[in-house]
Amino acid sequence: MTTLGFLARENLDRLLTALRASGYRCVGPMVLDGAIQYCDLPNAQSLPSGCRDSQAPGRYRLDHTDTSRQFAWANGPQAIKPFLFAPRETLWCVERDAREALTFKTVSPESQALAVIGVRACDLAALRLQDAHFLQGLNRDVQYAARREGMFLVAVNCTHPAATCFCVSTGDGPEVPEATGTNAGCDLILDELDDGFILHSASERGASVAGQLELAPVTPEQQTVVAQQRQQARAVQKRSLPARDLRPMLDKRLEHPRWVEVAGRCLSCGNCTSVCPTCFCYSEQEQPLLDGSGSTHARVWDSCFTQGHSYIHGITIRADTRLRYRQWLTHKLAAWHDQYGRSGCVGCGRCISWCPVGIDITEEVAALAASPT
Amino acid sequence: MSAALSRVPVAAEIIRRTQESPSVFTLGLRLCDPAQHSAYRFMPGQFNMLYLYGVGEIPISIVSDPDRDDELEHTIRVVGRVTRGFDALKVGDRIGIRGPFGRGWPLEQVRGKDLLLLTGGLGCAPLVSVINYVTQRRAEFGRIAILQGVKHMDDLIWRDRYDQWAALPDTQVLLAADVAGASWSWHVGLVTELIDQVAFDLNNAHVMVCGPEPMMLASIRKLCDSGVDEKHIWLSMERNMQCALGQCGHCQIGPHFVCKDGPVFCYPEIRERLGVKGF
């Protein structure tokens, strides 16, 4: 990572212009339906200037403040996930002719290169996990890969974690970890100040895009502010998980009474899995044409909280909420270590805020850990 | 497995249909593209995703011999929407197929060894594939015991095959039915009760098991008590499968994706989660 210089806030549009000139479609955070969401970004003025998010278990509200800052919030319900692992997409289609012969055709995804502005460190950590799931191993996902290859990522270090955030304890934030070469997993990293941004390049193409901007030298005062706000973003986080690897703890508590207790509150709605930036389950669906001439085969996000998720020929493996919540938590925090070498939780806190009954993963883990049975 | 066959189905024609029992039938399939058909390779214990036009896909194990090049056989029990649809198809109809997927039976590891092949329930196609394989290559394996249990004597399919297998050298066939009438000459009760009658020492044998999970758990207990090395117990597992690529998440048992890490597991690999309700 190389610090490139200071970009005044009024010149942020030049970054968008440079990205568009390089062929990228720019998306970034905007206020939509009362939440911060990534949308097509027409210009820097559309960013959520002065916005602050207030998050708590089962609660997400946006407030307006006097600050000129455009990234003084933690996150919204989305991460980068929907841009790579589409909530719904066609995988293949089949045509049937008059002689009832079948012809199968691959459906290629649209692949206009996307630049995402305002990515958080926790979301980059989640992206690495999704990359591991969809790209590594024997079965590279062609749809995901096509979108991922072209993606340009502009991270903004988080200065205002929400009360629900616990990325310090998972080791995934609040700032993008210092990394050498191209390992940061993004292209540019920004530190936001009141009057602008300090730019760091994290990849060659990041440096190339930033090279088109006029940057001022970074002053020692600005560096001091950055150091202070990075320290502050760590210090404000009150929630945490007790360890990075919770396998030994959870393995011994598969029949713990807390699972029954949390199942009494959990609605099994699947909101947590929808907002989770690492959850990867999907189901496949068939959409036959009404005239019988063909059919398309699509995938849609699924959730381990649904009845159908564990169904096999007349048996539902996880028929009740206790078993579904346990599946979700033990997969996320235990099985993920065996599958992908680390926990599946990046500490973004979305599952806490967007749970309609305010179930808090850190509280559930603490309750499980507190007693052996 | 070519990349095309793993993600997108290819067309296959039903060239033979056999009714095995009132609710079980076998489809003999041939890929419509002759080059693809002759290039298709699989191992016993692997499965295909079979696609019913306009309805969807299901995982079905391949029961035919891997060296046969005329057709790919899939034995199917009518249980749901897709299998009911397959049941209505005729010779000459087309379906989609992609595969093969998963890790099959450890044939190299058990070559030359005594084998106990233990199945429970209807059809039990995953194990039939390996029974067919070893009985076709009888000299390559040690002594063989084939133990099959069914709930009701009428559920037993492939009776003539059991007779053929029993006629092979050093091959023992033992059958059990929980519910049986006067015409049933075999054991009445559980298949696990037959393990004591196996004619060879189980200490060095390999055991391949397929059936409902309570039957597999009871078998494992009995086998371990009988001196079988737990590393020699192999199980074929079933879970909801939609992608067969280890991505859709439905087939997980703890850290394992049954579709790609299995469906055949060595018992110690899945011991921690096997029999724990909900995994």
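This structure is a prediction, so every number in the text was calculated from the model and none was measured.

Each value, and the rule that gives it
- Residues numbered from 1 in each chain as written.
- Chains lettered and ligands numbered in written order.
- Predicted model: local features only at pLDDT ≥ 70, side-chain atom pairs only at ≥ 80, totals over all residues.
- Contact = placed C-beta atoms within 7 Å.
- Helix = DSSP H or I, 4+ residues; strand = E, 2+ residues; numbered from the N terminus.
- Nonpolar A, V, L, I, M, F, W, Y, C, P; charged D, E, K, R; others polar.
- Core = buried A, V, L, I, M, F, W, Y, C linked by C-beta atoms within 7 Å.
- Buried ≥ 20, exposed ≤ 12 C-beta atoms within 10 Å, placed from the backbone.
- Domains from an automatic or database assignment.

Caption draft 1: Spotlight on the interface of chain A and chain B. Across the boundary between the two partners, chain A contributes 38 residues, which contact 32 residues of chain B. If you list the elements that add at least two residues to the side of chain A that touches chain B, you get strand 6 (88-96), strand 7 (102-106), helix 3 (121-135), strand 12 (282-288), strand 14 (311-312) and helix 11 (321-340) of chain A. By residue number, the principal contributor to the side of chain A that touches chain B is helix 11 of chain A, which donates seven residues. Its residues assigned to classes, the side of chain A that touches chain B comprises 17 nonpolar, 13 polar and eight charged.

Caption draft 2: Representation of unusual backbone geometry within the structure. In this structure, A:Pro174 follows A:Gly173 across a cis peptide bond, with omega equal to 5°. Residue placement: A:Pro174 occurs in the loop between helix 5 (167-170) and strand 10 (188-193). That bond from B:Gly99 to B:Pro100 is cis: its omega, 0°, falls within 30 degrees of zero. For B:Pro100, the position within the fold is in strand 6 (residues 94-101). For A:Ser268, which is not glycine, the phi dihedral falls at a positive 55°. Residue B:Ala244 is not a glycine yet carries a positive backbone phi of 65°. Along the polypeptide, B:Ala244 turns up in the loop between strand 12 (233-236) and strand 13 (252-253).

Caption draft 3: Layout of the nonpolar core. Judged by nonpolar contacts, the single largest core of 180 residues is most densely connected at A:Ala155, B:Leu116, B:Leu117 and B:Val207. For this core, the element with the most residues is helix 3 of chain A, which contributes eight residues. Setting aside chain neighbours within four positions, we find A:Ala155 in contact with A:Val119, A:Ala121, A:Leu124, A:Val176, A:Cys186, A:Ile189 and A:Leu190.

Caption draft 4: Local environment of the domain arrangement of chain B. Residues and elements named next belong to chain B. For chain B, the assigned domains are domain 1 (3-101) and domain 2 (107-270). Contacts between domain 1 and domain 2 engage 18 residues on the former and 21 residues on the latter. Going through the elements one at a time, strand 1 (10-21), strand 3 (47-52), strand 4 (56-61), strand 5 (72-77) and strand 6 are the ones with two or more residues in the side of domain 1 that touches domain 2. Of the residues assigned to the side of domain 1 that touches domain 2, the class counts are nine nonpolar, six polar and three charged.

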